[in-house]
Amino acid sequence: MARPGEGRTLAIMRIGIVILPDQRWSESQRRWRQADEWGFDHAWTYDHLGWRDLVDGPWFDSMATLTAAATVTSRIRLGTLVASPNFRHPAAFARQVTALDDVSAGRVLLGLGAGGIGFDSAVLGGETLPPRQRVDRFGEFTELLDLVLREDGVTWRGDWFAAVDARNNPGCVQQPRVPFVVAANGPRSMRLVARFGQGWVTTGTGGDDLTSWWDGVGQLCARLDQTLDAAGRDPATMDRYLSLDSAPAFSLSNADFFAEQVARAAALGFTDVITHWPRASSWYAGDEAVLVDVATRLLPELRTA
């Protein structure tokens, strides 16, 4: 069976950008407006209480940031990359998602993941869970969130979460609910993609060089194909997102390199790629002039070639 996007041209590759929530809104709103004006298809922010070595610096809530972004943009889709059960409960989170979908007039893409170890998993004083238990919890989180976003008056109980008569009125603008873009690399998480996802997002599986990283991405694509086939899911119904900057090289190192990475993703059947707004130092350090070049010169070419 051919993968969606097999033989795909860059003309229908969608391009997204991550804007980290590490600036005050008075500064960061320019970036969200600009991403919309440049024509990026989607813009994302990280859903953490603190992240890696940036934990001691400025950091702001993702849902408040995306709600503010919705008020200064008009067409770009807005998403979490990715929300997790590390510090969220599905019934409470569903209210925030519904509000964001309403304020944005139905432009939300909800990235969901199992949640890693680190600050988010420790700050509330809970134990750090091993991978299997994190996926168990993620399965319940996704199932209950799906229910509460689609149905009113949900009563449900699992090992990790429970809800009693949870309400969703008035529901999402996007029906039956906002699209889930589920992060998954392993077999069990990929089954959640097949069951609940309108999209799949991956960061690859590591690798010390670009060749090995891309080899790993290709293997994950094959695994997803097998998972969708086993679930009886039509691959054409699944959008595929690749976080380019999980590779050993920053995708916005220069414009030509970015174009090459987009082409490699398209050849593997990805429908969407995501880069990051360059920062002055540390993670995603780069020159904002490269982003300007990509956005104003290359982005129109990639989307109309």
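An unreviewed UniProt entry annotates the chain as Luciferase-like monooxygenase of Micromonospora palomenae. Taken directly from UniProt, the Subcellular location (unreviewed entry) text for the chain runs: "Membrane".

Caption draft 1: Here's a closer look at the overall build of the chain. A tally of regular secondary structure across the chain gives nine helices and 10 strands. The globule rule puts the C-alpha radius of gyration for 305 residues at 19 Å, and the 19 Å found for the chain is close to it. The principal-axis extents of the C-alpha atoms in the chain amount to approximately 55 × 50 × 35 Å. Across the chain, contacts joining residues at least 24 apart in sequence account for 73% of those joining residues at least 6 apart. Charge-centre separation for the chain: the mean point of 30 positive side chains lies 3 Å from the mean point of 37 negative side chains.

Caption draft 2: Focus on the packing of aromatic side chains. Following the criterion strictly, the structure yields 12 aromatic pairs and no others. With a centroid separation of 6.4 Å and an interplanar angle of 25 degrees, the aromatic rings of Phe-93 and Phe-141 are classed as stacked. Of the two residues, Phe-93 sits in helix H3 (residues 90-103) while Phe-141 sits in helix H5 (residues 131-150), which places them 48 residues apart along the sequence. Phe-93 sits in the buried class, given a relative accessible area of 1%. Judged by its relative accessible area of 0%, Phe-141 is buried. An aromatic cluster of at least three residues, connected via ring pairs, comprises Tyr-46, Trp-51, Phe-250, Trp-283 and Tyr-284. The ring of Phe-180 has Arg-177 sitting right over it, with the charged end atom 3.5 Å from the ring centre.

Caption draft 3: Quick peek at the UniProt feature "domain: Luciferase-like" (unreviewed entry) in the chain. Cross-referencing UniProt, the feature "domain: Luciferase-like" (unreviewed entry) maps to residues 13-244 in the present numbering. What you have in residues 13-244 is 41% helix and 19% strand, and the ends, taken at the C-alpha atoms, are 13 Å apart.

Caption draft 4: The sheet that holds strand E7 (residues 180-183), seen in detail. Ordered by their spatial adjacency, eight strands build a closed barrel running E1-E2-E3-E4-E7-E8-E9-E10, and the pairing between neighbours is parallel. Sheet twist, expressed as the average angle between the axes of neighbouring strands with direction ignored, equals 25 degrees. Direction of pairing for strand E8 (residues 199-202) relative to strand E9 (residues 239-243): parallel, over a ladder of four bridges. The residue bridging Val-201 from the neighbouring strand is Tyr-241, located in E9. Packed on one face of the sheet, H5 meets strand E4 (108-112) and E7 and runs near 180 degrees to E7.

Caption draft 5: Broad picture of the packing of H5 against helix H6 (residues 187-196). Two elements in contact, H5 and H6, have axes separated by 10 Å at closest approach and are oriented at 10 degrees. In this view, H5 runs roughly parallel relative to H6, as classed from their interaxial angle. Within the contact between the two elements, H5 uses Arg-132, Val-135, Asp-136, Phe-138, Gly-139, Thr-142, Glu-143 and Asp-146 and H6 uses Arg-188, Ser-189, Leu-192, Arg-195 and Phe-196. Partitioned by chemical class, the residues of the contact of H5 with H6 number four nonpolar, three polar and six charged.

Caption draft 6: Here's a closer look at the environment of Arg-167. Examined against the element boundaries, Arg-167 turns out to sit in the loop between strand E6 (162-166) and E7. A residue is classified by how much of its surface remains accessible, and Arg-167, at 43% relative accessible area, is partly exposed. Distance in space between the C-alpha atoms of Arg-167 and Thr-155 is 9.6 Å, their sequence separation being 12 residues. In this view, Arg-167 contacts Arg-95, Val-148, Asp-152 and Gly-153; residues no more than four positions away in its chain are not counted. Here Asp-165 takes part through its side chain, which lies 2.7 Å from a polar atom of the side chain of Arg-167.

Calculation criteria
- Residues numbered from 1 in each chain as written.
- Predicted model: local features only at pLDDT ≥ 70, side-chain atom pairs only at ≥ 80, totals over all residues.
- Heavy atoms only, no water.
- UniProt positions renumbered as here; feature names shortened; annotations may be inferred.
- Helix = DSSP H or I, 4+ residues; strand = E, 2+ residues; numbered from the N terminus.
- Rg over C-alpha atoms; globule rule 2.2 N^0.38 Å.
- Contact = heavy atoms within 4.5 Å.
- Lys, Arg positive; Asp, Glu negative; His and termini not counted.
- Charge placed at Lys NZ, Arg CZ, Asp CG, Glu CD.
- Phe/Tyr/Trp six-rings, centres within 6.5 Å; stacked < 30°, edge-to-face > 60°.
- Buried < 20%, exposed > 50% of the residue type's maximum accessible area, 1.4 Å probe, protein only.
- Lys NZ or Arg CZ within 6 Å of the ring centre and 35° of its normal.
- Pairing = 2+ DSSP bridges.
- Axes fitted to C-alpha atoms, helices over the stretch in contact; angles between N-to-C directions.
- Parallel < 35°, antiparallel > 145°, perpendicular 65-115°, else oblique.
- Nonpolar A, V, L, I, M, F, W, Y, C, P; charged D, E, K, R; others polar.
- Polar contact = N/O pair within 3.5 Å; in protein donor to acceptor, adjacent residues only side chain to side chain.

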